[in-house]
Number of protein chains: 2
Amino acid sequence: MGVRALQKEKTRRALVDAAFNQLSAERSFSSLSLREVAREAGIAPTSFYRHFKDMNELGLTMVDEGGLTLRQMMRKGRQRAEAGGSVIRISVDTFVEVLESNPNVFRILLHERSGTSAAFRAAVAREIEHFISELSHYTEATAGRTPMLARVQAEALVTLVFNAGASALDMKRADRKVLADHLVLQLRMVAKGAEALQHKVETK
Amino acid sequence: MGVRALQKEKTRRALVDAAFNQLSAERSFSSLSLREVAREAGIAPTSFYRHFKDMNELGLTMVDEGGLTLRQMMRKGRQRAEAGGSVIRISVDTFVEVLESNPNVFRILLHERSGTSAAFRAAVAREIEHFISELSHYTEATAGRTPMLARVQAEALVTLVFNAGASALDMKRADRKVLADHLVLQLRMVAKGAEALQHKVETK
DNA sequence: TTATTGGGCGTACAGTTGTACGCCAATTTA
DNA sequence: TAAATTGGCGTACAACTGTACGCCCAATAA
């Protein structure tokens with residue numbers, strides 16, 4: 001890759017990173033202005049256009065990138081689980097770790113999931129769909145669940161996890177522990193309940 | 001009440017209604033400007049201050065009002081359930097009805113729950129807490145659940161319902177039916193699972 | 001070597017925002 | 001009746017926004 005393309009990539013990264021860094025509990029992506037991001041990245045406002053058509057395009061890039069990051073980390077966690085131990089417990093712990101090390105990645109997904117741009121909502125939905133689908137297959141395979149029940153169960157699990165993540169963002173470490181315990185209980189409820197419903201169908 | 005106070009109340013309502021009416025899938029409260037709301041309400045921008053300190057105060061009013069509306073409607077639904085039939089099914093149906101007749105009330109709660117203002121998040125959390133608490137007591141009383149388990153269970157139920165509501169906002173009627181069915185299944189899973197967990201504790 | 005490309009910049013402009021200030025007129029109070 | 005209160009308005013201003021346009025110059029292509 002030429003010197004030129006390399007420098008371009010570097011600036012592009014600076015923009016993405018600048019945007020991520022400006023996110024916080026008090027600052028959502030949609031509240032960032034093009035000029036702010038450019039300023040933080042150390043380039044002129046008009047230079048922004050050399051990399052993205054508009055802020056929307058930047059945001060979608062961030063969602064995709066964030067979703068990928070999240071999935072990679074969760075996959076690593078699942079590998080850890082295969083070494084033995086409760087899948088649920090280990091997955092929750094992994095999730096909490098991810099949350100703590102990448103709060104802003106999680107923020108943009110969380111916020112734009114119910115945001116005002118249809119494109120954003122669709123992008124986040126796609127990322128979440130990845131999670132549901134992976135989990136659904138996993139449950140089908142290991143618990144012998146009906147495809148339909150597996151799907152509904154996976155949706156419930158992912159919903160509960162994401163939602164807990166949202167609450168966790170505002171908390172301190174101690175409260176997060178309690179939350180994690182509650183979450184584990186809730187996930188177990190769903191798992192047990194799904195099992196019960198399955199038996200009911202089978203014996204009918 | 002004097003003529004004066006009456007007129008004031010009327011304008012105040014006009015402001016709140018104007019704000020609610022401007023909400024949509026593409027427009028969140030935080031994206032509304034004071035001037036827009038004033039324009040829609042038919043008053044001068046500066047007159048806004050005769051009624052609210054700033055947009056934040058308007059928003060909090062809307063959250064409180066919206067939460068109240070929601071709770072009242074759900075309570076009516078629960079009364080309907082007492083006449084017989086599945087509590088879960090009837091509650092879900094009620095919820096869907098509420099959603100369809102007051103989408104914007106639901107929107108502001110949903111969006112500001114993960115919004116950028118701590119005050120808003122707290123206000124929404126308070127409203128949701130009402131739901132959880134009511135439901136938790138209900139489950140304790142009718143299913144004889146442990147307070148702690150009842151609480152965790154209620155949290156899960158409310159989370160699932162709210163989340164389904166969020167997805168439903170974007171859908172057409174037919175898809176909403178499917179969603180409602182899934183939701184009912186998920187709620188049953190949690191109920192069954194909670195029961196199972198309770199027995200486990202009791203027989204130990 | 002010369003010509004082309006393209007990332008970055010500065011200037012410029014029109015639009016929108018929140019809000020300070022002062023006035024008016026009608027209701028309310030004294 | 002006279003005085004005080006108050007909801008509503010218009011004007012004004014500084015801050016900020018997105019983005020069109022044209023220039024520069026270093027990397028690349030011919």
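Residues numbered from 1 in each chain as written. Chains lettered and ligands numbered in written order. Predicted model: local features only at pLDDT ≥ 70, side-chain atom pairs only at ≥ 80, totals over all residues. Heavy atoms only, no water.

Moving on, we get to the confidence of the model for chain A. Residues at a pLDDT of 70 or more form 100% of chain A, whose mean pLDDT is 94. Ranking the helices and strands of chain A by mean pLDDT puts helix α2 (residues 34-41) of chain A first, with 98, and helix α4 (residues 87-101) of chain A last, with 89. (pLDDT = per-residue confidence, 0-100. Helix = DSSP H or I, 4+ residues; strand = E, 2+ residues; numbered from the N terminus.)

Right, let's get into the environment of Leu 58 of chain B. Residue and element names in this part refer to chain B. Summarising the element assignment, Leu 58 is placed in helix α3 (residues 55-82). Exposure remark for Leu 58: the relative accessible area of 0% places this residue in the buried category. If we ignore the near neighbours within four places in the chain, the residues touching Leu 58 are Val 16, Ala 19, Phe 29, Val 37, Phe 48 and Phe 52. (Buried < 20%, exposed > 50% of the residue type's maximum accessible area, 1.4 Å probe, protein only. Contact = heavy atoms within 4.5 Å.)

Of all hydrophobic cores here, the largest spans 112 residues; its most connected members are Phe 29, Leu 58 and Met 62 of chain A together with Phe 29, Leu 58 and Met 62 of chain B. Look past the residues within four positions of Phe 29 of chain B in its chain and what remains in contact with it is Leu 23, Met 55, Leu 58, Gly 59, Met 62, Ile 108, Glu 112 and Phe 120 of chain B. (Core = buried A, V, L, I, M, F, W, Y, C linked by side-chain atoms within 4.5 Å.)

We now examine the domain arrangement of chain A. All names here are of chain A. What the domain assignment lists for chain A is domain 1 (1-52) and domain 2 (55-202). Measuring from the centre of the C-alpha atoms in domain 1 to the corresponding centre in domain 2 gives 29 Å. Contact with domain 1, which involves 19 residues of that partner, is made by 15 residues of domain 2. When the area that domain 1 buries against domain 2 is broken down by residue, the three leading residues are Phe 20, Phe 29 and Phe 52, summing to 45%. Between domain 1 and domain 2 we count one salt bridge in total. We note a salt bridge from Arg 13 to Glu 65, for which the minimum N-O separation is 2.9 Å. Summed over the shared surface of domain 1 and domain 2, the number is three residue pairs in polar contact (both at pLDDT 80 or more). If you list the elements that add at least two residues to the side of domain 1 that touches domain 2, you get α1 (3-22) and α2. Considering each element in turn, the side of domain 1 that touches domain 2 owes the most residues, six residues, to α1. In terms of residue class, the side of domain 1 that touches domain 2 is made up of eleven nonpolar, six polar and two charged. (Domains from an automatic or database assignment. Buried area = accessible area lost by both parts, 1.4 Å probe. Salt bridge = Lys/Arg side-chain N within 4 Å of Asp/Glu carboxyl O. Polar contact = N/O pair within 3.5 Å; in protein donor to acceptor, adjacent residues only side chain to side chain. Nonpolar A, V, L, I, M, F, W, Y, C, P; charged D, E, K, R; others polar.)

A few words on the packing of helix α5 (residues 103-113) of chain A against helix α6 (residues 118-143) of chain A. Residue and element names in this part refer to chain A. Two numbers describe how α5 lies on α6: the axes approach to 8 Å, and their chain directions differ by 120°. Taken together, α5 and α6 sit at an angle that is classed as oblique. Crossing of α5 against α6: the hand is left-handed. Two secondary-structure elements touch here, α5 through Leu 109, Glu 112 and Arg 113 and α6 through Phe 120, Arg 121, Val 124, Glu 127 and Ile 128. Residues of the contact of α5 with α6, tallied by class, amount to four nonpolar, no polar and four charged. (Axes fitted to C-alpha atoms, helices over the stretch in contact; angles between N-to-C directions. Parallel < 35°, antiparallel > 145°, perpendicular 65-115°, else oblique. Left-handed = near helix turned anticlockwise from the far one by under 90°.)

Here we come to the side chain of Arg 176 of chain B. Residues and elements named next belong to chain B. Looking at where Arg 176 falls in the secondary structure, it is placed in helix α8 (residues 173-202). In this structure the side chain of Arg 176 is engaged in a polar contact, spanning 2.9 Å, whose partner is the backbone oxygen of Ala 168. Setting aside its immediate chain neighbours within four residues, Arg 176 contacts Glu 100, Ala 168, Leu 169 and Met 171.

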